[in-house]
2 protein chains.
Amino acid sequence: MCETCGCGDPELVPIEVSRQILSGNDRQALHNREHFQAAGVLAINLMGSPGSGKTALLEALAKTVRGRLRLGAVSGDLATDRDADRLRAAGIPSIGITTGSACHLDARLVHRALHDFPWRDTDLFFIENVGNLVCPSSFELGEDGKIVVLSVAEGDDKPAKYPGIFAKSKALLVNKIDLLTGGALIDFDLERVRADARRLNKSIEIFPVSAKTGEGMSAWYGWLHGQLGKA
Amino acid sequence: MCETCGCGDPELVPIEVSRQILSGNDRQALHNREHFQAAGVLAINLMGSPGSGKTALLEALAKTVRGRLRLGAVSGDLATDRDADRLRAAGIPSIGITTGSACHLDARLVHRALHDFPWRDTDLFFIENVGNLVCPSSFELGEDGKIVVLSVAEGDDKPAKYPGIFAKSKALLVNKIDLLTGGALIDFDLERVRADARRLNKSIEIFPVSAKTGEGMSAWYGWLHGQLGKA
């Protein structure tokens, strides 16, 4: 396994190089964590497939918490700053991290971004990862917790098929539940998702939400607020 | 950049190791291609995000081509053989490649699978990649062409945000177009997708399709049939 992204060819990456990469990232993540803890900022690593609705959920959260909490975000993307632009338009101070061809954020990229950003002025700081249901969960960023987003349009088989990211997350947001009502074109068994996710991770919190309609957002916000007390 | 999956940390992966990995995969891909060409089999590398509908499109294609073409597939997945099971149930001889934590298929994994599978008895052989819009496009598998699937539920900004995979694909299947009619809950501008994809890749063929309703499947099949003549 290539520990750079938890993938690749075990025969061609020397173990020494793999260890060097992992330990380098872990050292940087520890450093980031010390920063966050010293400033009393709760840092969340928000992960999910392309189009699962990570940015839209932060836009919706901004509406929910307005005037009650100070949000901030860095947003990872291969080639554009569009997500960070959207977050700023929603009132969340944000900057983009353009990764080029990298399929995930690492602790060093996050640390560099912190230097360009008044993150100490926030209560709740989101690190919106690159859209990918595999590699991001292999890289500690110094966050207090990981949250994974799954859109109902992706199907209810995803926890079983992509177990690593569900096993490592504190919470699962099942997004776009508005698509389950009305035309009812999508087959999605929420109970199957619950059962499969809890089989991997018995303490995972699961919130069915719709960034579009706002349904479920207050339950997620309540949980986040509880996490703040623990940071 | 870690050339193992086109991602990672440029400072920590020695260039020599990166080159070794890439050239090792390219050599294996060339070998796979020689196999496919000698047998007159058209091999397609089918890529897309988790839940974009890669397996469902092959199930739908099986209905469209029944009795006219012999299909076969290998199906990459982190942790299960469910996609291969579904394909077999749809009448497509298939085996699964379980990648563990690897976020993409590589040429060696495909070559190993060929040894366990009567792929020479097919006309059109699909290599269904792991659900991921980033890394799979960095690895040649020996295919005749790459096809990328984008579900309308993922949003119309994806070609601009994940350019590499769209730049390298011969065709783009815009799937789940059934979700654009009826309740009209999804905002998706097909013309924006067309324009962004063609800016990256002026020769890319674009097929709006629905694996669920069958809409657009005959146009895609027609194009595939034309590719067979070129193999």
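I will try to describe carefully the structure that is included in this document. (Residues numbered from 1 in each chain as written. Chains lettered and ligands numbered in written order. Predicted model: local features only at pLDDT ≥ 70, side-chain atom pairs only at ≥ 80, totals over all residues. Heavy atoms only, no water.)

Re the packing of aromatic side chains
So, step 1. Following the criterion strictly, the structure yields 10 aromatic pairs over all chains and no others.
So, step 2. Judged by centre distance (5.4 Å) and plane angle (80°), the rings of B:Phe36 and B:Trp119 are edge-to-face. In this pair, B:Phe36 is assigned in helix α1 (residues 15–39) and B:Trp119 in the loop between α4 (107–114) and β4 (124–128), connecting sequence segments 83 residues apart. An identical accessibility class is assigned to B:Phe36 and B:Trp119; each is buried.
So, step 3. Both rings, one in B:Phe36 and one in B:Phe125, keep their centres 5.8 Å apart while their planes meet at 40°; by these two values the pair is tilted. Taken as a pair, B:Phe36 in helix α1 and B:Phe125 in strand β4 lie far apart in primary sequence, 89 residues in all. Side by side, B:Phe36 and B:Phe125 carry an identical accessibility label, which is buried.
So, step 4. These aromatic residues form a ring-pair network of at least three members: A:Phe36, A:Phe117, A:Trp119 and A:Phe125. (Phe/Tyr/Trp six-rings, centres within 6.5 Å; stacked < 30°, edge-to-face > 60°. Helix = DSSP H or I, 4+ residues; strand = E, 2+ residues; numbered from the N terminus. Buried < 20%, exposed > 50% of the residue type's maximum accessible area, 1.4 Å probe, protein only.)

Regarding the pairing of strand β6 (residues 171–175) of chain A
So, step 1. Buried residues dominate β6(A), accounting for 5 of its 5 residues.
So, step 2. By the alternation rule, side chains of β6(A) split into A:Ala171, A:Leu173 and A:Asn175 and A:Leu172 and A:Val174, which are all buried.

Thoughts on the pattern of salt bridges
So, step 1. This structure, assessed with the given rule, holds 28 salt bridges over all chains.
So, step 2. A:Arg86 is the partner of A:Glu59 in a salt bridge, and the nearest nitrogen-oxygen pair spans 3.0 Å. Taken together, the residues A:Glu59 in helix α2 (residues 54–65) and A:Arg86 in helix α3 (residues 82–89) connect sequence positions 27 residues apart.
So, step 3. Taking the relative accessible area as the measure of exposure, A:Arg86 reaches 32% and is therefore partly exposed.
So, step 4. A salt bridge links B:Glu191 to B:Arg194, with the nearest nitrogen and oxygen atoms 3.2 Å apart. Remark: B:Arg194 and B:Glu191 occur in helix α7 (residues 190–200); sequence separation between them is 3 residues, near one turn of the helix.
So, step 5. Salt bridges sharing partners connect three or more residues here, namely A:Arg33, A:Glu140, A:Glu143 and A:Lys146. (Salt bridge = Lys/Arg side-chain N within 4 Å of Asp/Glu carboxyl O.)

Here we look at α3(A)
So, step 1. By the burial criterion, the buried members of α3(A) are A:Asp83, A:Ala84 and A:Leu87. Relative to the axis of α3(A), the buried residues are bounded by an arc of 95° and lie together on one face.
So, step 2. Contacts made by the buried residues of α3(A) are with α2, β2 (71–77), β3 (94–98) and β4 (124–128) of chain A together with α5 (158–161) of chain B.
So, step 3. Note on α3(A): the residue one or two positions beyond its end, A:Gly91, has a positive phi of about 90°. (Arc of directions from axis to C-beta. Contact = heavy atoms within 4.5 Å.)

Things to note about the sheet that holds β6(A)
The strands making up a sheet are joined through hydrogen bonds of the backbone, oriented either antiparallel or parallel.
Residue and element names in this part refer to chain A.
So, step 1. Strand order in the open sheet made by the 7 strands is β3-β2-β4-β1-β5-β6-β7, with parallel pairing throughout. For this open sheet the edge positions go to β3 and β7 (205–208), each flanked by a neighbour on one side alone. If you compare each strand with its neighbour and ignore which way they point, the axes differ by 20° on average.
So, step 2. As judged from the 5 bridges shared by strand β5 (residues 145–151) and β6, these two strands associate in the parallel manner. Within β6, the residue paired with isoleucine 147 across the bridge is alanine 171.
So, step 3. Here helix α4 (residues 107–114) sits on the sheet and contacts β2, β3 and β4; the angle it forms with β3, its principal contact strand, is near 140°.
So, step 4. Across the sheet, helix α7 (residues 190–200) touches β5, β6 and β7, and the angle it forms with β7 is around 160°. (Pairing = 2+ DSSP bridges. Axes fitted to C-alpha atoms, helices over the stretch in contact; angles between N-to-C directions.)

Remarks on the state of the cysteines
So, step 1. With the rule as written, the count across this model stands at 0 disulfides over all chains.
So, step 2. Left unpaired, A:Cys135 is separated from the closest cysteine sulfur, that of B:Cys103, by 3.4 Å.
So, step 3. A:Cys135 gets classed as buried once you look at its relative accessible area, which sits at 0%. (Disulfide = S-S within 2.5 Å.)

A word on the nonpolar core
So, step 1. With 48 residues, the main nonpolar core has A:Leu172, A:Val174, B:Leu172 and B:Val174 as its most contacted residues.
So, step 2. Put simply, the parts of the chain that give this core at least two residues each are β5, α6 (163–168), β6 and α7 of chain A together with β5 (145–151), α6 (163–168), β6 (171–175) and α7 of chain B.
So, step 3. Within the second largest apolar cluster, 29 residues are counted, among which are A:Ala62, A:Val149, A:Met217 and A:Trp220. (Core = buried A, V, L, I, M, F, W, Y, C linked by side-chain atoms within 4.5 Å.)

With respect to the sheet that holds β6(B)
All names here are of chain B.
So, step 1. Overall, parallel pairing links the 7 strands, which are arranged β3-β2-β4-β1-β5-β6-β7 in an open sheet. At either end of the open sheet lies a strand with only one pairing partner, and these are β3 (94–98) and β7 (205–208). In this sheet, adjacent strand axes meet at a mean angle of 20° when their direction is disregarded.
So, step 2. Direction of pairing for β6 relative to β7: parallel, over a ladder of 4 bridges. Bridge pairing links leucine 172 to isoleucine 206 in β7.
So, step 3. Along the sheet, helix α2 (residues 54–65) makes contact with β1 (42–48), β2 (71–77), β4, β5 and β6, crossing β4 at roughly 165°.
So, step 4. Lying over the sheet, α4 contacts β2, β3 and β4, oriented at roughly 140° with respect to β3.

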